[in-house]
Amino acid sequence: MLRRALETVLPARLGAPFRWLVASSWTSNLGDGLVLAAGPLLVATRTQDPFVVALAATAAWLPRLLLALWAGVVTDRVDRRRLVMACNAVRVAVLALLAAAVAGDVAPVWVVLVALVALGAAETFADNVAGTLAPMVVRRDDLATANARTQAGFIGLNQLAGPPLGAALFTAGQWSPFAATAVLMAAAVALVTRVELPPHGRARGTTTVRADVVEGVRWTWHHPAVRTLVLTILVFNVTFGAAWSVLVLYAQQRLGLGDVGFGLVTTVQALGGLLGVTAYGWLTARVSLAGLMRVGLVVETLTHLVLAVTTSAWVAMPVFFVFGAHAFVWGTTSMTIRQRAVPSALQGRVNGVNVIGTFGGLVLGALVGGWAAQRWGVTAPFWGAFVGSAVFVVLIWRQLRHVAHTDAQPAPEDLTADAAVADGASPEHA
């Protein structure tokens, strides 16, 4: 029965290396889920200033913005398995030190912010390399399935099980979720040692870091689908970051939820994500990728509006549920498009460009959201997010046609010479 369940969840055709990768990913995601709730709660015990609370989100996101391109270059130059192991080992050390500081009552808000910056820096490299591993061990036609399984673990553990458990552990002892996460990260390192990866085709030491970065940026800009995805995530994460940077205060002050109740907000989003997992195959068989993304952007826009208006947790929770389903569908589609389209030797750098868009938007949004909440109250970022999202949906609507045909070959003018040489063939047009 156990073997049958394993075959259902992780089919043998995905291969043993992918199963070890997923086990490592799921383990680290559970730890990240604990911190997802415990981190904001720890900051909120040190200060109730909305701007400082938003600054904590900025501290976690800023390293990704500053280091993403470098992380992409490193990912494409070094042994990717050793890189992910080293990154998680750094996270173990930082989490252990933070847990000790909290337990010893020597963790003022600035210490917490420094720890979040360090964790964000390590995660920048770990997440970049993680996004390149599945295409190295899984066949192209199975990437959607592999990504869905990875995302299912992310949703079930990072967002569903982790946050309420992290909030409960935080209530029992503020240090405990950080110590538990350190243990989980150490286990994730041990699991990934079981994986052997093939060479990823990158010639070492033949170019400068600057040339590598330029190559990744140029390839992204000349690929219509990937370019559209990066621009969309940049703008929509400004609006999302503005609202979600003060989510802990919104949940406490606007919805009247306590610490555990704040953890349930993320849990409800994760339940929506599980619906997205279940329905993803059905959706992609009936709706074009462009159609799915258009619907998702409308859902996100309306999410901000409803949350700006309501004061009831009973109204807000279904909205968080629907938003969670949208986030899964969008994230899985975007990841699959990039993995299919980008040559292996360029995956780290193109992922880095995507991270710049992702966290550049989040950092800018968090700063704007914290300032707006401090000046006009915790609902102000949600109103701003609604207006900004609505305007952008109108502007980007036609451009989303570029993601409609992920299996078509790109036209020659959509490729750069460098990208073609790096892969030895034309990448798939997403």
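Residues numbered from 1 in each chain as written. Predicted model: local features only at pLDDT ≥ 70, side-chain atom pairs only at ≥ 80, totals over all residues. Heavy atoms only, no water.

## Brief notes about the overall build of the chain
- The secondary structure content of the chain amounts to 16 helices and 0 strands.
- Sequence separation of 24 or more characterises 87% of the internal contacts of the chain that already satisfy a separation of 6 or more.
- Counting every atom, the chain has about 17,600 Å² of accessible surface; 67% of that belongs to carbon and sulfur. (Helix = DSSP H or I, 4+ residues; strand = E, 2+ residues; numbered from the N terminus. Contact = heavy atoms within 4.5 Å. Areas by Shrake-Rupley, 256 points an atom, 1.4 Å probe, with all protein chains shown as cover.)

## Things to note about the packing of aromatic side chains
- What the rule picks out here adds up to 9 aromatic pairs.
- Members of the aromatic cluster, connected to one another through ring pairs, are Phe-240, Trp-244, Tyr-250, Phe-320, Phe-323 and Phe-382.
- Note that Arg-227 overlies the ring of Trp-221, its terminal NZ or CZ placed 5.4 Å from the centroid. (Phe/Tyr/Trp six-rings, centres within 6.5 Å; stacked < 30°, edge-to-face > 60°. Lys NZ or Arg CZ within 6 Å of the ring centre and 35° of its normal.)

## What about the confidence of the model for the chain?
- Within the chain, residue pLDDT values average 81, and 89% of them lie at 70 or more.
- Helix H7 (residues 176-192) holds the highest mean pLDDT among the elements of the chain, 93, whereas helix H16 (residues 417-423) holds the lowest, 31.
- The low-confidence segment residues 405-430 (pLDDT under 50) makes 61 contacts with residues lying over four places distant or belonging to another chain. (pLDDT = per-residue confidence, 0-100.)

## As for helix H10 (residues 247-254)
- The set of residues buried in H10 consists of Leu-247, Val-248, Leu-249, Tyr-250 and Ala-251.
- Trailing H10 by a residue or two, Gly-256 shows a phi angle of about 70°, which is positive. (Buried < 20%, exposed > 50% of the residue type's maximum accessible area, 1.4 Å probe, protein only.)

## Here's the deal with unusual backbone geometry
- Of note in this structure, Asp-105 is not a glycine but carries a positive phi near 55°.
- Take Asp-105: it is sitting in the loop between helix H4 (80-103) and helix H5 (109-137).
- According to the relative accessible area criterion, Asp-105 is exposed, its value standing at 67%.

## Things to note about the nonpolar core
- Counting 58 residues, the largest nonpolar core has Phe-178, Trp-244, Leu-247, Leu-307, Phe-320 and Phe-382 as the members making the most contacts within it.
- Membership of the second largest hydrophobic core comes to 22 residues, among which are Leu-10, Leu-14, Val-84 and Val-137. (Core = buried A, V, L, I, M, F, W, Y, C linked by side-chain atoms within 4.5 Å.)

## Observations concerning helix H9 (residues 224-244)
- Helix length check: H9, at 21 residues, gives a terminal C-alpha distance of 29 Å against a target of 30 Å (1.5 Å per residue), a fit within 8%.
- By the largest-angle criterion, Asn-237 marks the main kink of H9, which is about 30°.
- The buried fraction of H9 amounts to 16 of the 21 residues, a majority that puts the element mostly inside the structure. (Expected span 1.5 Å × (residues − 1). Bend = angle between axes of the 7 residues up to and from the residue.)

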